[in-house]
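Architecture and fold: a report
Spelled out from the first residue to the last, the chains are:
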Amino acid sequence: MEVNQAKQEHLLALKVMRLTKPTLFTNLPVTCEDRDLPGDLFDQLMREDPSTIKGAEALMLGEMLTLPQNFGNIFLGETFSSYISVHNDSNQVVKDVLVKADLQTSSQRLNLSASNSAVAELKSESCIDDVIHHEVKEIGTHILVCAVSYTTQYGEKLYFRKFFKFQVLKPLDVKTKFYNAESDLSSVTDEVFLEAQIQNITTSPMFMEKVSLEPSMMYNVTELNTVASGDDGESTFGKMSYLQPMDTRQYLYCLKPKPEYAEKAGVIKGVTVIGKLDIVWKTNLGERGRLQTSQLQRMAPGYGDIRLSLEMIPDTVNLEEPFDIICKITNCSERTMDLVLEMCNTRSIHWCGVSGRQLGKLSPGAFLSLPLMLLSSVQGLQSISGLRLTDTFLKRTYEYDDIAQVCVVCPYTSNEC
């Protein structure tokens, strides 16, 4: 959309054209059967049409390209390119010609001119050409301001400018969800799963070139969007990664704290930065777009004053046979604790060892590994419960039930069990 100032006769003419990829020419084939009245007339006309493909005249797509007939849509993440031409329409020689192109957004004004130096002299019927490029990083109204200043041969300084307003639209709708790992050892590994839902909200299909997660300095990331087959993994979306209009895809990533942060994972509180998504796509004839989300944030789960997790536990144990587990106790509070461990038997789980023993003092952020022995008197999937930690300083008891599950089997024949 062009917005001009009050009209004034100038010696120079300014022309601005957006540069975009052409489109494939399409036609509407009209055919009929040989026994119909037109006979072979329609087929003959299509064979003589230069825009059709020889031997495949009934296809809508032709061999020719069509130049853009209008300004078109501009989407966030694409590169806006424009051709600017200043032509001397008069029979005079114009001096000190300066062409300046600025892009005004809702938050800033950017200078897109390749050169800010003036052309000393512009003869009659000559022109100054420039091509500007800008990667669009904001949505909403944009105004391209093209200004031209020059001096006539009589020494008069003149100035004019033109405004070109256009809207930048949103190409993708991105939604994210976080999930904590639900395995028995998730409290130790602190795995976080990120699901990214990406929807194409444009009117044309997209080729998804890359969708990746750039993790923050605290995490390592593993992409879960391929199916392992041999040396190279195949994408879960197939070989042709096209996203049709209004279609949605889910991408999954697994994040683990780096070793230097793993020990601090138990005391991480508040909002943590996970990373950002980097999305690259291509549209009509390979036009490239790129979109990076802002830093994704996740609220760290609350563990209370003391966090109890398992570092080691067997998957399957034998009935009425002792087995070992290793517990990890982390002080998540901001004060020192003096802990006492109590072990309470349940209907199926029986602890081996002394209950009520002193574990000693545990400073804020510190942890200790505690090996324990227990046995199960009931077959099947049994839940480990019955641990109690008491802080003698505050006389406060913390109860831990359903810590993990273990499968209890009988090592003998069914008749003996």
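The structure under discussion appears in the preceding block.
Residues numbered from 1 in each chain as written. Predicted model: local features only at pLDDT ≥ 70, side-chain atom pairs only at ≥ 80, totals over all residues. Heavy atoms only, no water.

Points about the overall build of the protein
Regarding its fold elements, the protein presents 3 helices and 34 strands. Per-residue burial for the protein yields a buried fraction of 38% across its 417 residues. Summarising the internal contacts of the protein: among those between residues at least 6 apart in sequence, 71% fall at separations of at least 24. As presented, the protein carries roughly 23800 Å² of accessible surface, and 52% of it is formed by carbon and sulfur atoms. (Helix = DSSP H or I, 4+ residues; strand = E, 2+ residues; numbered from the N terminus. Buried < 20%, exposed > 50% of the residue type's maximum accessible area, 1.4 Å probe, protein only. Contact = heavy atoms within 4.5 Å. Areas by Shrake-Rupley, 256 points an atom, 1.4 Å probe, with all protein chains shown as cover.)

Here's the deal with the pattern of salt bridges
For the structure shown, the criterion picks out 11 salt bridges. Measuring nitrogen to oxygen at the nearest pair gives 3.1 Å for the salt bridge that ties K210 to D278. Of this pair, K210 sits in strand β15 (residues 206-215) while D278 sits in strand β21 (residues 271-282), and the two are 68 residues apart along the sequence. In this structure, the salt-bridge partner of D305 is R335, at a minimum N-O distance of 3.5 Å. Within this pair, whereas D305 is found in the loop between β23 (296-299) and β24 (306-312), its partner R335 is found in the loop between β26 (323-331) and β27 (337-343), the two being separated by 30 residues in sequence. Classification of D305 by relative accessible area gives partly exposed; the value is 24%. What makes R335 partly exposed here is its relative accessible area of 23%. Salt bridges sharing partners connect three or more residues here, namely D305, R335, D391 and R396. (Salt bridge = Lys/Arg side-chain N within 4 Å of Asp/Glu carboxyl O.)

Some words on the layout of surface pockets
Within this model, the largest pocket holds a volume of roughly 580 Å³. Around the largest pocket sit 23 residues that line it, and T23, G72, N73, N284 and E287 are the ones nearest its centre. The class makeup of the residues in the lining of the largest pocket is 7 nonpolar, 12 polar and 4 charged. (1 Å grid on protein atoms, 1.4 Å probe; cavity = no way out; pocket = protein on both sides within 12 Å on 5 of 7 lines; lining within 4 Å. Points joined across faces, edges and corners; volume = space filled by probe spheres on them. Nonpolar A, V, L, I, M, F, W, Y, C, P; charged D, E, K, R; others polar.)

A look at the sheet that holds strand β32 (residues 387-391)
Read across the sheet, 4 strands follow the order β29-β27-β32-β33 without closing on themselves; strand pairing throughout is antiparallel. Strands with a single pairing partner mark the edges of an open sheet, and in this sheet they are β29 (357-362) and β33 (396-400). Neighbouring strand axes in the sheet, compared pairwise and without regard to direction, differ in orientation by 25 degrees on average. Relative to β32, β27 runs antiparallel, the two being bridged by 5 bridges. Bridge pairing links L341 to L389 in β32. (Pairing = 2+ DSSP bridges. Axes fitted to C-alpha atoms, helices over the stretch in contact; angles between N-to-C directions.)

Thoughts on the packing of aromatic side chains
Scanning the entire structure with this criterion turns up 3 aromatic pairs. Each ring, one from F80 and one from F166, has its centre 4.9 Å from the other, and the planes form 25 degrees; the classification is stacked. Taken together, the residues F80 in strand β6 (residues 79-88) and F166 in strand β12 (residues 157-169) connect sequence positions 86 residues apart. With respect to class, F80 is no different from F166; both count as buried. Relative to Y251, the ring of F237 has its centre 4.9 Å away and its plane inclined at 55 degrees; by these criteria the two rings are tilted. Of the two residues, F237 is situated in the loop between β18 (232-235) and β19 (242-243) and Y251 in strand β20 (residues 248-257); the sequence distance between them amounts to 14 residues. Residue class for F237 comes out partly exposed when judged on its relative accessible area of 24%. Above the plane of the ring of F367 lies K328, whose end atom (NZ or CZ) is 4.6 Å from the centre. (Phe/Tyr/Trp six-rings, centres within 6.5 Å; stacked < 30°, edge-to-face > 60°. Lys NZ or Arg CZ within 6 Å of the ring centre and 35° of its normal.)

Considering the sheet that holds strand β16 (residues 219-223)
On the basis of which strands lie adjacent, the open sheet formed by 4 strands has the order β13-β14-β20-β16 and antiparallel pairing. The open sheet has two edge strands, β13 (172-180) and β16, and neither has a second partner. Within the sheet, the average angular offset between the axes of one strand and its neighbour, ignoring direction, is 25 degrees. Sheet topology places β16 next to β20; 5 bridges connect them, and they run antiparallel. When the sheet's bridge partners are listed, T222 is paired in β20 with C254.

With respect to a nonpolar patch on the surface
Residues L24, L61, L65 and L285 make up a contiguous nonpolar surface patch of about 350 Å² in total accessible area. Note that L24 resides in strand β3 (residues 23-26). With relative accessibility at 39%, the residue L24 sits in the partly exposed group. (Patch = residues over 30% accessible without salt bridge, like charges linked within 9 Å, V, L, I, M, F, W, Y side chains within 5 Å.)

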